[in-house]
Amino acid sequence: MAASETGGKGIPCMFALLPNKKLITYETLFKKIKEIVGEPNRMQTIITDFEKAVFSACEKVFPHAVHKGCRFHQHSAIWSKLGDLGLQALFHQDAKFQELTYKLYSLCYVPADEVVSTYNDVILPLVEHGLDKYQDWIDYAAELEEFGIYFSNTWICRRNGRSPLFMPKLWNHFESVKEGGPQTNNMLESHNRTWNSLVGHSPNVWHIQELFIKQDAEARRAYLSNAVGQDMTTNTGRKQRSLDARARVKFVVDAFDSMPRADYISTLAHDRQKFDQ
């Protein structure tokens, strides 16, 4: 668990060894965190991966917190599903399908209460057009249909109006962009890679305890640096590029009410596509 601080760098603030990923386990952990943090310092915003048990536990233990799923992990899940269905090949060979994929990614920047209508009015007509006009799409018709079912059931809406696995409000970042809030928990990825490298395979509990102590010391130094206003990150070209991209997204999001929905989605998709190249 990490807290976002100056420069977007995460300061590790808690370590927990859990026996499983069950709902009751997360509830027990979160209640302990709530007890330690105290009501005056209660959590306001929580960004997590997409585990249903985590969402359910957070809703129960932290009912007043804004809880969102990580944008990066949502897009990674979509990309992984494309791979499972063999559609990554279509993505790489067909510019129109690649553009459609980025438009799906961009739905997270549509207000939560307009995601379903935007999906129905903007995305689905593009799919129908592609399956009618493009031979490459026709060749993958069965896979595209299965992907459509997955995307709708997981992120949009099930048949007969039933809720998807993750409601749009849980992965929507329209307000996050407008308020300059966090959209991902990627700050933890580098820490996790370093941690896994240090721990190695099949470590004993004493080795882990020693690493916890070292990590705690480093986190305290980082916290003190942040407390006196020091930026804890190096302003590399990559970081600046990311900051510029965030600024461009905010510019478009701020113009949401004045843009046709199709143009809005296309603008965000093209910008993200260019950023990833």
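(A) Seen up close, the overall build of the chain. The number of helices and strands found in the chain is 14 helices and 4 strands. Going through the 277 residues of the chain one by one, you find that 39% of them count as buried. Summed over all atoms, the accessible surface of the chain reaches about 16300 Å², with 52% contributed by carbon and sulfur.

(B) Examining unusual backbone geometry more closely. Even without being glycine, Asn160 reaches a positive phi, approximately 60 degrees. Looking at the secondary structure, you find Asn160 in the loop between α8 (141-156) and α9 (168-171).

(C) Quick peek at the side chain of Thr154. Inspection of the secondary structure puts Thr154 in helix α8. Setting aside chain neighbours within four positions, we find Thr154 in contact with Pro164, Leu165 and Phe166.

(D) Molecular detail of the pairing of strand β4 (residues 66-69). In this structure, strand β3 (residues 45-48) lies alongside β4, joined through 4 bridges in parallel fashion. Opposite Ile47, over in β4, you have Lys68 as the bridge partner. Assessed by its sense of winding, the connection that carries the chain from β3 through helix α2 (residues 52-61) to β4 is right-handed.

(E) Representation of helix α5 (residues 95-106) within the structure. Counted at 1.5 Å a residue, the expected span for α5 with its 12 residues is 16 Å, and the 17 Å between its end C-alpha atoms agrees. Among all positions of α5, only Phe97, Gln98, Glu99, Leu100, Thr101, Tyr102, Lys103, Leu104, Tyr105 and Ser106 are buried. Residues of α5 that are buried in the fold lie against α3 (71-84), α4 (88-93), α6 (115-133), α7 (135-139), α8 and α14 (261-276). Between the side-chain oxygen of the N-cap and the backbone nitrogen of Lys96 there are 3.0 Å, and the N-cap of α5 in question is Asp94.

(F) Representation of α6 in the model. End to end, α6 covers 26 Å across 19 residues, agreeing with the expected 27 Å (1.5 Å per residue, within 8%). The principal kink in α6, of about 30 degrees, is found at Ile123, preceding the proline Pro125 by one to four residues. What α6 keeps buried is the set Val115, Thr118, Tyr119, Val122, Ile123 and Gly130. Here the buried face of α6 lies against α5, α7, α8, α9 and α14.

(G) Representation of the packing of aromatic side chains within the structure. Considering all chains together, one arrives at 19 aromatic pairs under this definition. Ring geometry for Phe50 against Trp155: centres 5.1 Å apart, planes inclined by 85 degrees, an arrangement best described as edge-to-face. With Phe50 in the loop between β3 and α2 and Trp155 in helix α8, this residue pair connects regions lying 105 residues apart in the sequence. Side by side, Phe50 and Trp155 carry an identical accessibility label, which is buried. Here the aromatic rings of Tyr119 and Phe151 are separated by 5.7 Å at their centres, their planes lie at 20 degrees, and the arrangement is stacked. Highlighted residues: Tyr119 in helix α6 and Phe151 in helix α8, separated in sequence by 32 residues. The class of Tyr119 is buried, set by a relative accessible area of 7%. The class for Phe151 is buried, based on a relative accessible area of 1%. Among the aromatic residues, ring-to-ring pairing joins Phe50, Phe55, Trp155, Phe166 and Trp171 into one connected group. Over the face of the ring belonging to Phe166 we find Lys52, whose NZ or CZ atom lies 5.4 Å from the ring centre. If you follow Arg241 out to its NZ or CZ, it ends over the ring of Phe275, 4.3 Å from the centre.

(H) Local environment of the packing of helix α1 (residues 23-37) against α2. Following both chains from N to C, one finds α1 and α2 inclined at 40 degrees, their axes separated by 9 Å at the closest point. Considering the angle they form, α1 stands oblique to α2. Between α1 and α2 lies a crossing of right-handed hand. In this structure, α1 uses Leu23, Tyr26, Glu27, Phe30, Lys31 and Lys34 to contact α2, whose residues at the interface are Ala53, Val54, Ser56, Ala57, Cys58, Lys60 and Val61. Among the residues making up the contact of α1 with α2, the classes are represented as 8 nonpolar, 1 polar and 4 charged.

So, how was this worked out
Residues numbered from 1 in each chain as written. Predicted model: local features only at pLDDT ≥ 70, side-chain atom pairs only at ≥ 80, totals over all residues. Heavy atoms only, no water. Helix = DSSP H or I, 4+ residues; strand = E, 2+ residues; numbered from the N terminus. Buried < 20%, exposed > 50% of the residue type's maximum accessible area, 1.4 Å probe, protein only. Areas by Shrake-Rupley, 256 points an atom, 1.4 Å probe, with all protein chains shown as cover. Contact = heavy atoms within 4.5 Å. Pairing = 2+ DSSP bridges. Right-handed = clockwise from strand over helix to strand, strands pointing away. Expected span 1.5 Å × (residues − 1). Polar contact = N/O pair within 3.5 Å; in protein donor to acceptor, adjacent residues only side chain to side chain. Bend = angle between axes of the 7 residues up to and from the residue. Phe/Tyr/Trp six-rings, centres within 6.5 Å; stacked < 30°, edge-to-face > 60°. Lys NZ or Arg CZ within 6 Å of the ring centre and 35° of its normal. Axes fitted to C-alpha atoms, helices over the stretch in contact; angles between N-to-C directions. Parallel < 35°, antiparallel > 145°, perpendicular 65-115°, else oblique. Left-handed = near helix turned anticlockwise from the far one by under 90°. Nonpolar A, V, L, I, M, F, W, Y, C, P; charged D, E, K, R; others polar.

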